[in-house]
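# Structural description and commentary
Spelled out, the chains give:
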Amino acid sequence: MNKVLVTGGAGFIGSHLCERLLKLGHDVLCVDNFYTGSKANLLALIGQPFFELMRHDVTFPLYVEVDQIYNLACPASPVHYQFDPVQTTKTSVHGAINMLGLAKRLKATILQASTSEVYGDPEVHPQQESYWGRVNPIGPRACYDEGKRCAETLFFDYYRQHNLRIKVARIFNTYGPRMHPNDGRVVSNFIVQALRGEDITLYGDGSQTRSFCYVDDLVEALVRLMATPAEVTGPVNLGNTGEFTIRQLAEAVLRLTGAKSKLIVKPLPQDDPKQRQPDIALARSTLGWEPEVKLEDGLRETIAYFRKVL
Ligand SMILES: NC(=O)c1ccc[n+]([C@@H]2O[C@H](COP(=O)([O-])OP(=O)(O)OC[C@H]3O[C@@H](n4cnc5c(N)ncnc54)[C@H](O)[C@@H]3O)[C@@H](O)[C@H]2O)c1
């Protein structure tokens with residue numbers, strides 16, 4: 001049994017990760033400031049003897065004793081990370097400094113939830129880990145993209161300078177139950193609009209592509225990455241390689257919800273990437289991992305969840 005800290009553990013991915021770690025027999029400390037996360041995401045875990053929940057903002061130092069740290073704290077959707085962009089950068093950068101400092105003191109292994117957004121609007125497709133990215137450093141998405149890039153820099157400097165055991169995961173679009181209903185992300189947007197019988201909004205003409213990874217598959221990869229030997233640092237892409245246009249996603253949601261909503265078109269937001277697909281060859285070879293959940297199956301679970309919460 002390891003003592004495991006999950007920052008951002010009350011969020012969408014974090015709550016599934018906490019659940020999985022408890023099932024694996026670990027002692028889990030979840031730290032969250034409830035900016036986008038909530039206790040509702042943890043109802044099944046609160047009260048379990050090996051689960052602890054602490055309200056704390058990672059931009060402030062934290063003194064606890066653990067063996068492993070999963071650093072997930074950071075709002076992940078544009079509506080939330082752009083609401084207070086300065087705080088978003090602080091969460092990524094100061095949060096990384098604080099958690100890396102903690103890991104250094106404890107000689108703990110630390111995993112960073114980085115993002116495919118470090119690739120920005122890429123010129124190469126699909127993106128391999130060796131690609132340095134094309135990010136606009138002064139645009140409205142920069143607080144998130146550059147914050148995450150800087151956090152990666154800090155992770156690798158702690159690795160080189162202090163020999164810290166680090167793992168950097170570049171997470172691509174992930175979806176599933178407990179996504180925030182109002183986070184403006186495409187999967188939750190479409191499902192919520194369909195279930196409310198509203199029109200479904202496509203930004204651009206809907207021909208831009210995304211790949212969607214179901215949360216259980218992603219959590220499996222994070223746990224496997226944490227268990228790799230010290231020389232495996234990443235960055236490693238984690239995502240599903242199945243590529244769908246946004247229009248195809250909208251049509252799947254309509255089919256699975258049985259909604260009669262119309263598809264309407266609005267202009268594409270600034271710096272929105274046109275294509276996004278992970279190259280997961282490295283994850284396949286180092287983690288022996290492959291996403292298993294098909295989009296339709298994952299969407300069914302997610303739709304069932306949103307039917308309950310709406
Ligand atoms: N969901 C995705 O598709 C995706 C893709 C790439 C990367 N990621 C990364 O994975 C992580 C989790 O994302 P998610 O989708 O679960 O988002 P989320 O918003 O549901 O979860 C983030 C959690 O962090 C908490 N948090 C935010 N700022 C904090 C702070 N200063 N101190 C403590 N807690 C704080 C929030 O309250 C929330 O519980 C994030 O770091 C995100 O950048 C997610």
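Our subject is the structure listed above.
Residues numbered from 1 in each chain as written. Predicted model: local features only at pLDDT ≥ 70, side-chain atom pairs only at ≥ 80, totals over all residues. Heavy atoms only, no water.

### Description of the site of the ligand
In the vicinity of the ligand there are 30 residues, among which D32, T36, Y144, K148 and R185 approach most closely. T91 has a polar side-chain atom sitting 3.1 Å from a nitrogen atom of the ligand. In the complex, 97% of the free accessible area of the ligand, which totals 820 Å², lies under the protein chains. Those elements that provide at least two residues to the shell around the ligand are helix 1 (12-23), helix 3 (85-106), strand 5 (109-115) and helix 4 (142-162). Class assignment of the residues belonging to the shell around the ligand gives a composition of 14 nonpolar, twelve polar and four charged. (Near = heavy atom within 4 Å. Polar contact = N/O pair within 3.5 Å; in protein donor to acceptor, adjacent residues only side chain to side chain. Areas by Shrake-Rupley, 256 points an atom, 1.4 Å probe, with all protein chains shown as cover. Helix = DSSP H or I, 4+ residues; strand = E, 2+ residues; numbered from the N terminus. Nonpolar A, V, L, I, M, F, W, Y, C, P; charged D, E, K, R; others polar.)

### Here's the deal with the sheet that holds strand 11 (residues 236-238)
Spatial ordering of the open sheet is given by 3-2-1-4-5-6-11, a layout of seven strands whose pairing is parallel. Pairing within the sheet leaves two strands with one partner each, and these edge strands are strand 3 (51-55) and strand 11. Strand after strand, the sheet turns through a mean of 20 degrees between neighbouring axes, direction not considered. Across four bridges, the pairing between strand 4 (residues 68-71) and strand 5 is parallel. Residue pairing across strands places Y70 opposite L111, the latter belonging to strand 5. (Pairing = 2+ DSSP bridges. Axes fitted to C-alpha atoms, helices over the stretch in contact; angles between N-to-C directions.)

### Quick notes on the packing of aromatic side chains
One pair of aromatic rings is described through two measures. These are the centre distance and the angle between the planes. Going through the model one piece at a time under the given rule, you end up with six aromatic pairs. Ring geometry for Y119 versus Y131: centroids 6.0 Å apart, planes at 25 degrees, classification stacked. Of this pair, Y119 sits in the loop between strand 5 and helix 4 while Y131 sits in the loop between strand 5 and helix 4, placing them twelve residues apart in sequence. You can call Y119 buried: its relative accessible area is 0%. The exposure class of Y131 is buried, given its relative accessible area of 14%. Consider the rings of Y119 and F172, whose centres lie 6.1 Å apart with planes at 40 degrees: the pair is tilted. With Y119 in the loop between strand 5 and helix 4 and F172 in the loop between strand 6 (166-171) and strand 7 (174-175), this pair connects stretches of sequence that are 53 residues apart. Both residues of the pair, Y119 and F172, count as buried. (Phe/Tyr/Trp six-rings, centres within 6.5 Å; stacked < 30°, edge-to-face > 60°. Buried < 20%, exposed > 50% of the residue type's maximum accessible area, 1.4 Å probe, protein only.)

### Remarks on the nonpolar core
Y70, V187, F190, L222, L238 and L299 are the most contacted members of the largest nonpolar core, which totals 61 residues. Of all hydrophobic cores here, the second largest spans 26 residues; its members include L62, L154, F156 and I166. (Core = buried A, V, L, I, M, F, W, Y, C linked by side-chain atoms within 4.5 Å.)

### Details of helix 4
The first and last C-alpha atoms of helix 4 sit 28 Å apart over 21 residues, in line with the 30 Å expected at 1.5 Å per residue. Three or more residues of helix 4 are buried, namely A142, C143, Y144, D145, G147, K148, A151, E152, L154, F155, F156 and Y158. Along its buried surface, helix 4 packs onto helix 2 (78-81), helix 3, strand 5 and strand 6. With its phi angle positive at about 60 degrees, N163 sits one or two positions after the end of helix 4. (Expected span 1.5 Å × (residues − 1). Contact = heavy atoms within 4.5 Å.)

### Thoughts on the side chain of K167
Note on placement: K167 falls in strand 6. A polar side-chain atom of K167 sits 3.0 Å from a polar atom in the side chain of T228. Beyond its immediate stretch of four places on either side in the chain, K167 contacts T109, I110, L111, Q112, L225, M226, T228, P229, A230, V232 and T233.

### Details of the environment of V86
Examined against the element boundaries, V86 turns out to sit in helix 3. For V86 and G147, which are 61 residues apart along the polypeptide, the C-alpha to C-alpha distance reads 9.8 Å.

### Focus: the environment of E292
With respect to the secondary-structure elements, E292 resides in the loop between helix 8 (281-287) and helix 9 (295-309). Classification of E292 by relative accessible area gives exposed; the value is 68%. It is 20 Å that separates the C-alpha atoms of E292 and S116, two residues lying 176 residues apart in sequence.

That is the geometry; function is a separate question.
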